[in-house]
Protein chains: 2
Amino acid sequence: MYKQLLQPDLWQMLQDEDEAGMAAFCDVLHPAATAEILDGLETEQIWRILSSCPLERRREIFEFLDLPLQVELVDRADRTEFSKLLEVMSSDDRADLLAKLDTEHVEALLPLVAAAERNDIRKLLSFPDDSAGAIMTTEYASLPEEVSVGEALDRLRKQAPERETIYYVYILGHGRRLDGVVSLRELILAKPEASVADLMNRDVISVRVDDDPEEVAQVIARYDFIAVPVVDERNQLVGIVTHDDVYDVVAEEIEEDVQRFAAIEPLEDDYLLTPLRIVAWKRGGWLMFLAFVALVTAQILQYYEGGGGPDEAGNATGWMIMFLPLVLASGGNAGSQSATLVIRSLATTDRGRFGYGRMVLREFNVGLVLGGVLAATGFGAALVWFQLTGMQSLVVGSTVYLVVLMGTVIGAIFPITFERQGMDPAIMSTPLIAALVDVMGVVIYYSVAAVAVGT
Amino acid sequence: MYKQLLQPDLWQMLQDEDEAGMAAFCDVLHPAATAEILDGLETEQIWRILSSCPLERRREIFEFLDLPLQVELVDRADRTEFSKLLEVMSSDDRADLLAKLDTEHVEALLPLVAAAERNDIRKLLSFPDDSAGAIMTTEYASLPEEVSVGEALDRLRKQAPERETIYYVYILGHGRRLDGVVSLRELILAKPEASVADLMNRDVISVRVDDDPEEVAQVIARYDFIAVPVVDERNQLVGIVTHDDVYDVVAEEIEEDVQRFAAIEPLEDDYLLTPLRIVAWKRGGWLMFLAFVALVTAQILQYYEGGGGPDEAGNATGWMIMFLPLVLASGGNAGSQSATLVIRSLATTDRGRFGYGRMVLREFNVGLVLGGVLAATGFGAALVWFQLTGMQSLVVGSTVYLVVLMGTVIGAIFPITFERQGMDPAIMSTPLIAALVDVMGVVIYYSVAAVAVGT
């Protein structure tokens, strides 16, 4: 809603180089809303607007931008300018961003960052991707045990501006040992002269720095926590993971299962941001394996039907029947993969930056690659394993090629059409895509055969 | 971990009727951890332990129990006892629970609840299931505009015990109109004599009471909120939705897509809690439709292959080939549905209460029903549409029956076997289940035919 209203104004400001207007724009909305509006602009424009904002506001807005867009902005930004932003960023968001940049890029940026922040960055970057350490922030509020509630609140006021949350305060003993936790709610309710030691909860639920992010998410979700402390093997506090990191982890976890269901090795990034060759690779392996299983079915069919080798006459198209499961499965499986990726992409990605056409084109290109691989497999198996003639094998190979290509394109176009009609694209279930591909696959198969061998 | 350690102690306490011991047990752990331990016991035992706890602690533990278990406990509990618990429950958890009970049950309980709470219950129950109103709580912290920060903190101390969160405080004008919001963090940082009116943020981001829970979840996740205010059409504050409600909504939303992908009309409840006939119904509709598409493929195959009617001789098994797509698709689709439900169920449900055997048995039973329906369809289509002989039609029908049954059982057993071997059951992708069912489906098809018509 904001988007339609404010974007024209922004364009005008950019043309007039109205720095004051842009600075005012940065301040008027919640930073998340501002980030959403900026998301529709060119990266260069976004950076110009951000540069007009005061540093603290710039940070807030920047942190709400999607990670891929942040990466694009780094490429666009002046290095010294950007290092300033990097210094003030929350430690977890900063680590996420730096993990996505090339190593040379990071090494060029780090010398420009203040020493304290630099150490923090190096520490967080050293944790493996799939650990609590990789998603935690080091900006937690902490107190020693031996203070009164009144003093605790005073100290919190000083810490507050730099902390991700002050609603949980961690009580640390010698060497940052995690001895207890007290909530701001408890501090507010207690008398100022009460002792924090009496108030704090000593049975702290924490996670280990090398725990899987999924486990961390489960702990936060199970206990309805706003944040959970992260400790090392000596129970020393090293960071916290906050509730807002959980949504992504929960969603990512299920998303991986969704992709596995469609016989896709889970992609690490967004589908639209993953290079084509990676997408093809993650899909091709499973498709080849499934093709092999279909060839076992062919073998069994040959046993029962007796159709096959070039020497037999039997019934004219026995050799075609044998390969029917391979033809249908290849198209159906490739189509299911496409439909799954496209449907989930429609559900999660902002279409402002990626058009429908681009999705279909991507699937077409993936289809060209996967079709080629599977066609070669089908051709080879027909010729060598099942001893068909060269022409017959060519029919099998070309049909597989066409059917896979049709599968990927239908798998993309059908859900998109449903979405554009305002219907739920997920109605296009993968079995339905497979069934539709089956119908057309049979027509393609016999048409190719008619042209090639006059069956 | 706690579970193995503490359950034996609990058993002993239950046997000794050691009320003091049980009360101590309620108090020693975080209520979420206690709830997890109780989850493994019989409902009667759970209620006995809960009855030993002080009311406030009983409420906390009870709210962390799974909703289906809460429903079982209501059936077990004394009505007057339970109404006390109901009075102190958070308004959103209470509304969720009452929405799952029979109307008569609710009408019997309501007179036992205090009038103020009763009105609150009736109001929350009146919102449709798929609205913000259904997931919100009415326990928010609020203040008038014309107070100082010091006074605000004093008032908050009084409100705090009954509020779900005091980290966001809503500033209300005439008729509970939502005029602003201030965070506890901002209040703590401000001087006591400052005015809340100056401090508060007037550009409040809120959701409407009739908004879809998914939209509410998106707002909370996008802005990293701890809670979002819910307003009616006159911008009057009626409740808040807190961050912990979002995890469920996000997960539910993707879960629905997962089921749709497998051609299952999304189930409203957990798979294992949904009655068998509902599961069969939500799957059967799609399977019938997919069977119809497979029959269109059969029609096309008949056109090309010429096999078919009982009068033709041509090649001996032409009629069998036509129905190959139906046979393979029926088994594969039913198997994919089973694998999807079982895998997601393994990922989300506590297996303490539902054994592996029960899952396989469920799928076997669903297979009996779905197999029957699809077999009848196949038999009818073969006999009437494709004019096969009665015996040939019987071969098609019985094969479909056996293949569907095999599909559902394999779809359950394979993922469970992987899980028990400590591997990720999601590796059993639906195309892989379909491919394996294909292999065995062909064997079943020709074996049945050999027995029946001696092909």
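Rules used in this analysis
Residues numbered from 1 in each chain as written. Chains lettered and ligands numbered in written order. Predicted model: local features only at pLDDT ≥ 70, side-chain atom pairs only at ≥ 80, totals over all residues. Helix = DSSP H or I, 4+ residues; strand = E, 2+ residues; numbered from the N terminus. Buried ≥ 20, exposed ≤ 12 C-beta atoms within 10 Å, placed from the backbone. Contact = placed C-beta atoms within 7 Å. Nonpolar A, V, L, I, M, F, W, Y, C, P; charged D, E, K, R; others polar. Pairing = 2+ DSSP bridges. Right-handed = clockwise from strand over helix to strand, strands pointing away. Axes fitted to C-alpha atoms, helices over the stretch in contact; angles between N-to-C directions. Least-squares fit on C-alpha atoms with pLDDT ≥ 70 in both. pLDDT = per-residue confidence, 0-100. Domains from an automatic or database assignment. Parallel < 35°, antiparallel > 145°, perpendicular 65-115°, else oblique. Left-handed = near helix turned anticlockwise from the far one by under 90°.

Here the focus is the overall build of chain A. Counting its secondary structure elements, chain A contains 22 helices and six strands. Burial status across chain A gives 46% buried among its 455 residues.

At the interface, 65 residues of chain A touch 65 residues of chain B. Among the secondary structure elements, those contributing two or more residues to the side of chain A that touches chain B are helix 12 (149-159), strand 2 (165-172), helix 13 (184-189), helix 15 (213-223), helix 16 (244-261), helix 17 (276-305), helix 19 (324-348) and helix 22 (430-453) of chain A. Of the residues contributing to the side of chain A that touches chain B, the split by class is 46 nonpolar, ten polar and nine charged.

In summary, the side chains of a regular strand alternate between the two faces of the sheet. All names here are of chain A. As judged from the five bridges shared by strand 1 (residues 140-144) and strand 2, these two strands associate in the parallel manner. Bridge assignment links Tyr140 to a residue of strand 2, and that residue is Thr165. As a crossover connection, the stretch from strand 1 through helix 12 into strand 2 is right-handed.

What follows concerns the sheet that holds strand 3 (residues 178-183) of chain B. Residues and elements named next belong to chain B. Taken together, the three strands give an open sheet; going across it, the order is 1-2-3, and neighbouring strands pair in mixed fashion. Edge positions in the sheet fall to strand 1 (140-144) and strand 3, since each of these pairs with one other strand and no more. Ignoring which end each strand starts from, the neighbouring axes of this sheet average 35° apart. Where strand 2 (residues 165-172) meets strand 3, five bridges bridge the pair, whose relative direction is antiparallel. Opposite Val169, over in strand 3, you have Val182 as the bridge partner. Across the face of the sheet, helix 12 (residues 149-159) comes into contact with strand 1 and strand 2 while running at roughly 145° to strand 1.

Of the transformation placing chain A onto chain B, the axial shift is 0.0 Å and the rotation is 180°, giving an RMSD of 0.1 Å. Accordingly, the operation relating the two chain copies is best matched by a two-fold axis. Taken together, the interface assignments show that 100% of the residues at the interface of chain A recur at the interface of chain B, consistent with an identical surface on both copies.

Another aspect to go through is the pairing of strand 5 (residues 227-231) of chain B. Residues and elements named next belong to chain B. With five of five residues buried, strand 5 lies mostly within the body of the structure. Of the two faces of strand 5, the one carrying Ala227, Pro229 and Val231 and the one carrying Val228 and Val230 are both buried. The pairing of strand 4 (residues 207-208) with strand 5 spans two bridges and is classified as parallel. For Val207, the partnering residue across the bridge sits in strand 5 and is Val230. Where strand 5 meets strand 6 (residues 237-242), five bridges bridge the pair, whose relative direction is antiparallel. Along strand 6, the bridge assignment pairs Val231 with Leu237. Counting the residues in the hairpin turn of strand 5 and strand 6 gives five residues, including Asn235, whose phi is positive at 60°.

Mean pLDDT over chain A works out to 85, with 95% of the residues at or above the 70 mark. Across the whole predicted complex the pTM is 0.73, and at the interface the ipTM reaches 0.71.

A few words now on the domain arrangement of chain A. For chain A, the assigned domains are domain 1 (2-127), domain 2 (140-243) and domain 3 (262-453). The C-alpha centroid of domain 2 of chain A is placed 30 Å from the C-alpha centroid of domain 1 of chain A.

In any sheet, the strands associate via hydrogen bonds between backbone groups, in a parallel or an antiparallel arrangement. Taking strand neighbours across the sheet as the criterion, the three strands line up as 4-5-6 (chain B) in an open arrangement whose pairing is mixed. Edge positions in the sheet fall to strand 4 and strand 6 of chain B, since each of these pairs with one other strand and no more.

With that out of the way, let us pick up the packing of helix 17 of chain A against helix 22 (residues 430-453) of chain B. Their axes nearest at 9 Å, the elements helix 17 of chain A and helix 22 of chain B cross at an angle of 5°. Considering the angle they form, helix 17 of chain A stands roughly parallel to helix 22 of chain B. Of helix 22 of chain B, the residues touching helix 17 of chain A (which contributes Leu290, Val293, Ala294, Val296, Thr297, Ile300, Leu301 and Tyr304 of chain A) are Pro431, Leu432, Ala435, Leu436, Asp438, Val439, Val442, Val443 and Tyr446 of chain B. Considering only residue class, the contact of helix 17 of chain A with helix 22 of chain B consists of 15 nonpolar, one polar and one charged.

Turning to the packing of helix 15 of chain A against helix 16 of chain A, a few remarks are in order. All names here are of chain A. For the pair helix 15 and helix 16, the least separation of the axes is 9 Å and the interaxial angle reads 120°. Between helix 15 and helix 16, the crossing angle belongs to the class labelled oblique. The handedness of the crossing between helix 15 and helix 16 comes out as left-handed. The segment helix 15 lies against helix 16, with Pro213, Glu214, Ala217, Ile220 and Ala221 engaging Val246, Val249, Val250 and Glu253. When grouped by side-chain class, the residues that make up the contact of helix 15 with helix 16 number seven nonpolar, no polar and two charged.

With that settled, the discussion passes to unusual backbone geometry. Residue and element names in this part refer to chain A. Even without a glycine there, the phi angle at Arg176 is positive, about 60°. Along the chain, Arg176 falls in the loop between strand 2 and strand 3 (178-183). Owing to 16 C-beta atoms within 10 Å, Arg176 belongs among the partly exposed residues under this scheme. In this structure, Ala263 takes a positive phi of about 60° despite not being glycine.

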